[in-house]
Each structure stands twice: as C-alpha cells, then as structure tokens.
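Listed below, chain by chain, are the residues.
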Amino acid sequence: MNLYILLYFKMELKCAIQTYDWGKRGTNSIVASLLKSVNPDFLVDEQMNYAELWMGTHKNGPSYLKDTNIPLQKYIEENIETLGRQEVELFGCDLPFLFKVLSIDKALSIQVHPDKKTAKELHDLYPNIYKDPNHKPELAIALSPFETLCGFRPIDEIKDYLNNIPELFAVVGENNILNLSQAAVSLTDDALKQCFYSLMTCDSTKVQQQLKNLISRLCVADESYRQWVKADILERLYNDYPGDVGCFTLYLFNYVILQPGEAIYIGPNIPHAYFSGDCIECMACSDNVIRAGLTPKPKDVETLIKVLSFERDSSVNKIQSFQDDMFTQIFRPPVSEFAVAKITLPLGQLTYNLIPRNSASILLIIDGKANISSKIFSRGSVLFISANDRVEVKVLSDCHPMVMFQAFSNIKNF
C-alpha cells in the first residue's frame, strides 16, 4: 500500500452539478445551497436551475479529489484496493453506483430505464442516442415532500378515468377503451398496452386540442370533480408543458407523495416521472433514459412501449428501511450495485463510529459539522471512504441533529 493511501483514506470530493431546466432556481435549490456551504466563494445565480449534484465517477459528471484535483476514477484505478475485494470481483475498477441530490421545480420526463440486456442492445444499435450501455435501477429518498408518478394505477382506477374524462376518452379511442373494459384478466396487460400506445402516438394536434378543452372545462368545474380529476396537478403540468401528451399520463400512472425519509425504488422498465421536491438518489452508474413525454428532449415512444412493464403494484414500489444500529437506517434495493444508509446523530451525541463497509463508499453531510480524521467537514461536504475503513465522527455543534447519507455497494446481499 502506498503512502498516498495511508494519508488519504477519507478524501473530500469536488462534485459536478447539472443545470437542467426542471431544477429549482438559485438559492431555492438544495443543490446550490449544499455547494455554497462548502464553497463560500461560489456565486449562486438566481436565474440558474440547479437540478442535480453528482457524486461518483460517471463520465458525464465525474468527481475529483478536492485537495489535489485528481479525478476520482483515476485515483481508484491507481489504488484499486480502496474498492474492496468483493467489489472489484463483481464490478471491476470502478464505482458501480452514481450518488445524487435532486432539487426539482417541475416535472421530469415520462421515462423508463431499460434492463441491462436491453441497455446494451440499444447502445450497440444507436450509440449516438443511447450513449450508456448500463442499466439504471434507482432509489429516491425524500428530503422534502416529494411528488412522483410511478407505475400503472390499479386497472379499475384507469378504467374509471378513461370512461369518465371525455377528453381522455377521445385521444385513447372508444374501441381501445371498450377492449380494456371487456378484456379477460389474462389479456388485461395487452389491452392496457394498446390504450397507452394509442394515447402516446395520438396526433399531436388532437392531443393539444383535447388538453385545451379539459383545462377550460376544469376552470368552471365544481370542487369535488376537480379533486377527483386531480385538476391542480394537471394544471401545473399543462402550465409547464402545454399540449404535451405526457399530461394525460396522470390518469394512467400512480400519483405518489413521499414524505421526508420515505423512499421509492424504480426498477427496470417501470414508467415514472418525478414532479417536485428534493431527494437523495442513488442508481447503477448509468445515465440511460428512454423518454416519451413531458420533455423538450428527443422521445422514443416505440422503444419505450416495447420495453415497458405493465405491472400494477398497490405498494407503488415504496421501499422500507431497516436499522443497522441505533443511528443508522439502511435502504437495500434488490440490486447489487448500491445501497444507501441515512445516519442521524441526535442532539447530545458527540461521537459516532460509522459502520465499516466492505466496499468503497461516498458520504454526504446534509446537516451539521464534525471532525473526521483531524479535518473539519460540514453541510455539503462529500467524502470518499475506502472499503473496510473505520471512520470516527466527532460532532462539533449540537444546535441540531447531524444528518448524513452514505452510498455503497449492496454486495452484502448478493
């Protein structure tokens, strides 16, 4: 082991930000707030959309060692033992996860992430469109009330909306809706697939007119109908994406609000769109997306329909945490690439030893200040921690609880 590793088991990272137009602006964004906390000279542009903080080695937003400006990927390749033996055996000389903070002001695109086999096939066939060959299962942990669409609604709810919203009926088509209503249980998925396909490929002029009709009708509707049709949400979507067919998916997909601390897991081929709020997100190291609506970016409806899962799960893919110790709760999705721990040190807890992990990890401080390895870290600090490293956290302020999130490989369960 070289001297560099002996001196730098726990290294602060300089991380990338993404300024997508759906992000919150200026100081309203937690991404900008975290960045400003550790970089006092950073000037927040109040007109800029600070959407995502990326922590990891993905080429679209790689992290660097803050003290030396060495790319984290380069450091790992030169010091492979920092990853841990099992991680190297499974994933090679790279972090298998991408860790993020999202701050969302308006809806992201209706999208799915293909499974690993399909992701590679798409990359091989269309490398200029699908630039990443890896799959992208993901976990989102709410930091504030967090709105999302995820997966198809129960079939009875979908039928109710299709039959009782005339504008939706018009764009999906009478025959398709009748087939869904009369389909045997074993054929429900096929009938639902045809309804969804007809909606997403409907003539854009017709979609725009029917959305306009619906919005106009809701302006004079009574409150009970407005609540049933989720008028406030539809009006927000329409305001941000006027005439976009994705507005109608509100009536096909589950609408979910996560409260702070709750989490949702998005597996391969599950349709989803995040609406608003702040979250911690972790995923396989990938930026692979198939889009179909609520976006100015290129859409690929044919491919999305081909891979789309029509599962209808009443649990809406919420994932429960379990306690690792008194202060640590852990979210372990059903994939080997990543798990996330939330560490909360209450008032008066002045020292804590992080649970050693058998793979490399990234630690983000959301609140509080601490001495770690004789160096002061505070809100917004991001640290790379080597496999099996023992980390003592000495809390320096007890004005409020200290909150940290730690991402690492989920190889314990595989």
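Residues numbered from 1 in each chain as written. Predicted model: local features only at pLDDT ≥ 70, side-chain atom pairs only at ≥ 80, totals over all residues. Heavy atoms only, no water.

1. Section: the packing of aromatic side chains
Moving on, step 1. A full pass over the atoms with the stated rule returns 13 aromatic pairs.
Moving on, step 2. Considering the side-chain rings of F152 and F253, the 5.0 Å spacing of their centres and the 75° angle between planes classify their relative orientation as edge-to-face. Pair noted here: F152 is in strand β10 (residues 146-152) and F253 is in strand β11 (residues 253-258), with a separation of 101 residues, a long-range link. For the pair formed by F152 and F253, the shared burial category is buried.
Moving on, step 3. Ring pairs connect the aromatic residues F152, F196, F253 and F310, which therefore count as one cluster.
Moving on, step 4. We note K14 situated over the ring of Y64; from NZ or CZ to the ring centre the distance is 5.8 Å.
Moving on, step 5. The ring centre of Y20 lies 4.9 Å from the NZ or CZ of K297, which sits over that ring. (Phe/Tyr/Trp six-rings, centres within 6.5 Å; stacked < 30°, edge-to-face > 60°. Helix = DSSP H or I, 4+ residues; strand = E, 2+ residues; numbered from the N terminus. Buried < 20%, exposed > 50% of the residue type's maximum accessible area, 1.4 Å probe, protein only. Lys NZ or Arg CZ within 6 Å of the ring centre and 35° of its normal.)

2. Re the UniProt feature "domain: Phosphomannose isomerase type I catalytic" (unreviewed entry) in the protein
Moving on, step 1. The UniProt record marks residues 12-154 with the feature "domain: Phosphomannose isomerase type I catalytic" (unreviewed entry), using the residue numbering of this structure.
Moving on, step 2. Strand forms 27% of residues 12-154 and helix 23%; the C-alpha atoms that close the span are 46 Å apart. (UniProt positions renumbered as here; feature names shortened; annotations may be inferred.)

3. Brief notes about unusual backbone geometry
A negative phi angle is the norm for most residues apart from glycine, just as the trans form is the norm for most peptide bonds.
Moving on, step 1. Non-glycine residue K230 carries a positive phi angle of around 55°.
Moving on, step 2. Relative to the assigned elements, K230 resides in the loop between α11 (223-228) and α12 (231-240).
Moving on, step 3. Of note in the backbone geometry, N269 takes a positive phi value of approximately 70° without being a glycine.
Moving on, step 4. Examined against the element boundaries, N269 turns out to sit in the loop between β12 (263-266) and β13 (272-284).
Moving on, step 5. Overall, the relative accessible area of 12% leaves N269 in the buried class.

4. Observations regarding the sheet that holds strand β23 (residues 392-395)
Moving on, step 1. Strand order in the open sheet formed by 4 strands is β18-β23-β20-β21, and the pairing between neighbours is antiparallel. The open sheet terminates on both sides in strands that have one partner only, identified here as β18 (351-353) and β21 (375-378). For this sheet the average axis-to-axis angle between neighbouring strands, irrespective of direction, equals 30°.
Moving on, step 2. Of the strand pairs in this sheet, β18 and β23 are connected by 3 bridges, and their pairing is antiparallel. Of the residues in β23, the one forming a bridge with Y352 is V393. (Pairing = 2+ DSSP bridges. Axes fitted to C-alpha atoms, helices over the stretch in contact; angles between N-to-C directions.)

5. Here's the deal with the side chain of T148
Moving on, step 1. Mapped onto the secondary structure, T148 falls in strand β10.
Moving on, step 2. In this structure the side chain of T148 is engaged in a polar contact, spanning 3.2 Å, whose partner is the backbone oxygen of A273.
Moving on, step 3. Aside from chain neighbours lying at most four places away, what touches T148 is N254, Y255, V256, I264, A273, Y274 and F275. (Polar contact = N/O pair within 3.5 Å; in protein donor to acceptor, adjacent residues only side chain to side chain. Contact = heavy atoms within 4.5 Å.)

6. Some words on the UniProt feature "domain: Phosphomannose isomerase type I helical insertion" (unreviewed entry) in the protein
Moving on, step 1. Taking the numbering used here, the UniProt-annotated feature "domain: Phosphomannose isomerase type I helical insertion" (unreviewed entry) corresponds to residues 188-252.
Moving on, step 2. The span residues 188-252 shows a helical share of 68% and a strand share of 0%, and its end C-alpha atoms are spaced 14 Å apart.

7. Re the side chain of N254
Moving on, step 1. In this fold, N254 is placed in strand β11.
Moving on, step 2. A distance of 2.9 Å separates a polar atom in the side chain of N254 from the backbone oxygen of F152.

8. Observations regarding the nonpolar core
One broad rule of soluble globular proteins: the nonpolar side chains tend to lie buried together.
Moving on, step 1. In this structure, F152, L162, L168, F196, L199, F248 and Y251 are the most contacted members of the largest nonpolar core, which totals 53 residues.
Moving on, step 2. In contact with L199, other than residues within four places in its own chain, are L168, V171, V172, V245, F248, T249 and L252.
Moving on, step 3. V31, L72, L364 and A407 belong to the second largest nonpolar core, which has 39 residues in total. (Core = buried A, V, L, I, M, F, W, Y, C linked by side-chain atoms within 4.5 Å.)

9. Some points on the confidence of the model for the protein
Moving on, step 1. The predicted model of the protein averages 93 in pLDDT, with 96% of residues at 70 or higher.
Moving on, step 2. For the stretch residues 1-8, pLDDT sits under 50, and the model shows 15 contacts to residues farther than four places along the chain or on other chains. (pLDDT = per-residue confidence, 0-100.)

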